Amino acid sequence: MTCYSAIGVAGAGAWGTALANAAARAGRRVVLWTVFPDHAQDMIRTRENKMFLPGVPIAPDIEITADLAVLAETSAILMVVPTGALREVSANLAARLRPGTPLVACAKGIERGTDRFVTEIVAEAAPSAIPAILSGPSFATDVAAGLPTAVTVASVDEAVAAGLAEAMGSASFRLYHSTDVRGVEIGGAAKNVLAIAVGIAHGRKFGASAAAALTTRGFAELRRFGLAYGARPETLAGLSGLGDLILTCGGPQSRNFSLGFRLGSGEPLPAPGSGPLAEGFFTAPVLVGMAAKAGIEMPIAAAVDAVLAGRLGLDEAITGLLTRPQKAEIG
């Protein structure tokens, strides 16, 4: 098993900062990279990420930098940037990397325009690296504070996945390893779109029963999509699939739930760049388009996409879901 003694973290948002703290807690040397030199200097000075994770100290041994060359010297790098930025950051790193360095995608989405999953983006942008993915039911504030959390790390090379799990794991941050990269990717991407639907239901005050129904039927959609695109059933029912769906649909700590809640409460869509990123907003049209290509029914995801795109009002979308033909519950 490969030992990854130095962990790089590309992206100093809330989740990147939390993962940097988790890696430091596991006893690794950690480099946290941000694209903004001023942001790096502020974090170095205050030992806190006031912009994205205020009130949580950054572990004292974490090296903070805005220099990609310093990041590239680590033995494995967590790519904690949004899906839309993953290709650019991976490509910028590519020439600086030692061949065989794992680049671990921590984004939960599918690339618009290409329909590429996150490890496919990494493989294309940095061909000498080993693509991997980390995903599961986890909030940044919980992980940063050292509260008990379990996630999945996957690579087609089982030894790489096991080595990453060993390098990052601690008593409070448990990693299960897998070779089902596609299953982990699909669970993380699809659950964000479905959580927007559950948030809408809460915003409309439909009650806990409606939210439970949407979560359960949403999982059926996630599972159908996953099986069509090569995921294993046990992965979809595990931490990175059902587990992450349950967490993301559970309340306002989730950005995607919160976006849905605001819409359900009658607020307009926020202007681009006006708040934290909700990946489900960008993933919805890609997910629905890929489902259509594969002949998969995803009515909840399709309704979310139509509302976000302005093709349907909320009342029309809800009526459309409620008046679908009754059928046997077969998944």
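Being a predicted model, the structure only gives us computed values, none of them experimental.

Draft legend 1. A nonpolar patch on the surface, seen in detail. On the surface, Leu269, Phe281 and Phe282 cluster together to form a nonpolar patch covering roughly 220 Å² of accessible area. Among the secondary structure elements, Phe282 is positioned in helix α13 (residues 279-293).

Draft legend 2. Focus on the packing of aromatic side chains. One pass over the full model with this rule turns up four aromatic pairs. One aromatic cluster is present, formed by Phe117, Phe225 and Tyr229 through successive ring pairs.

Draft legend 3. The sheet that holds strand β5 (residues 63-65), seen in detail. Read from one edge of the open sheet, eight strands run β5-β2-β1-β6-β7-β8-β9-β10, paired in mixed fashion. Edge strands, defined here as strands with exactly one partner in the open sheet, are β5 and β10 (173-178). On average, each strand axis in the sheet is inclined to that of its neighbour by 25°, with strand direction left out of account. Lying on the sheet, helix α7 (residues 158-168) is in contact with β1 (6-10), β6 (76-79), β7 (102-105), β8 (130-135), β9 (149-154) and β10; it crosses β10 at an angle near 180°.

Draft legend 4. Summary view of the environment of Ala278. Turning to its location among the elements, Ala278 is positioned in the loop between α12 (255-264) and α13. By relative accessible area, which is 10% here, Ala278 ends up buried. Sequence-distant contacts of Ala278, that is, excluding residues within four places in its chain, are made with Arg255, Asn256 and Leu259.

Draft legend 5. Structural detail: the pairing of β6. Burial along β6 is two-sided: Ala76 and Leu78 and Ile77 and Met79, pointing in opposite directions, are all buried. With four bridges connecting them, β1 and β6 associate as parallel partners. Residue pairing across strands places Gly8 opposite Ile77, the latter belonging to β6. Bridge count between β6 and β7: three bridges; the pairing is parallel. Across the sheet, residue Met79 finds its bridge partner in β7, namely Ala105. In terms of handedness, the path from β6 via helix α4 (residues 83-94) over to β7 forms a crossover that is right-handed.

Draft legend 6. Representation of the pattern of salt bridges in the model. Tallied over the full model, the rule gives 13 salt bridges. Of the charged contacts, one joins Arg87 and Glu111 as a salt bridge, the two residues approaching to 2.7 Å between their closest N and O atoms. Remark: Glu111 occurs in the loop between β7 and α5 (118-125) and Arg87 occurs in helix α4; sequence separation between them is 24 residues.

Draft legend 7. Seen up close, the UniProt feature "binding site: substrate" (unreviewed entry) in the chain. Per the UniProt record, "binding site: substrate" (unreviewed entry) is found at Lys108, Arg255 and Asn256. Spatially, the listed residues are clustered: although they cover 149 residues, their C-alpha atoms lie within 12.3 Å of one another. Of note, Arg255 is situated in helix α12. Considering the arrangement of structural elements, one finds Asn256 in helix α12. By relative accessible area, Asn256 is classed as buried at 6%.

Draft legend 8. Seen up close, the nonpolar core. By size, the foremost hydrophobic cluster in this structure holds 42 residues, and its most contacted members are Ile110, Phe225, Leu287, Met298, Ala301 and Leu308. Mapped by element, the contributors of at least two residues to this core are α8 (181-203), α9 (208-228), α12, α13, α14 (299-308) and α15 (314-322). Counting residues per element, this core draws most heavily on α8, which supplies 11 residues. In contact with Leu308, other than residues within four places in its own chain, are Ile196, Leu259, Leu263, Leu269, Gly280, Phe281 and Ala284. In terms of nonpolar packing, the next biggest core, distinct from the first, is built from 40 residues, Val30, Leu53, Val153 and Leu175 among them.

Draft legend 9. Examining α5 more closely. All buried positions along α5 are accounted for by Val118, Thr119, Ile121, Val122 and Ala125. Along α5, the residues classed as buried sweep out an arc of 155° about the axis, all on the same side. Residues of α5 that are buried sit in contact with α4, β7, β8 and α8.

Rules of the game
Residues numbered from 1 in each chain as written. Predicted model: local features only at pLDDT ≥ 70, side-chain atom pairs only at ≥ 80, totals over all residues. Heavy atoms only, no water. Patch = residues over 30% accessible without salt bridge, like charges linked within 9 Å, V, L, I, M, F, W, Y side chains within 5 Å. Areas by Shrake-Rupley, 256 points an atom, 1.4 Å probe, with all protein chains shown as cover. Salt bridge = Lys/Arg side-chain N within 4 Å of Asp/Glu carboxyl O. Helix = DSSP H or I, 4+ residues; strand = E, 2+ residues; numbered from the N terminus. Phe/Tyr/Trp six-rings, centres within 6.5 Å; stacked < 30°, edge-to-face > 60°. Pairing = 2+ DSSP bridges. Axes fitted to C-alpha atoms, helices over the stretch in contact; angles between N-to-C directions. Contact = heavy atoms within 4.5 Å. Buried < 20%, exposed > 50% of the residue type's maximum accessible area, 1.4 Å probe, protein only. Right-handed = clockwise from strand over helix to strand, strands pointing away. UniProt positions renumbered as here; feature names shortened; annotations may be inferred. Core = buried A, V, L, I, M, F, W, Y, C linked by side-chain atoms within 4.5 Å. Arc of directions from axis to C-beta.

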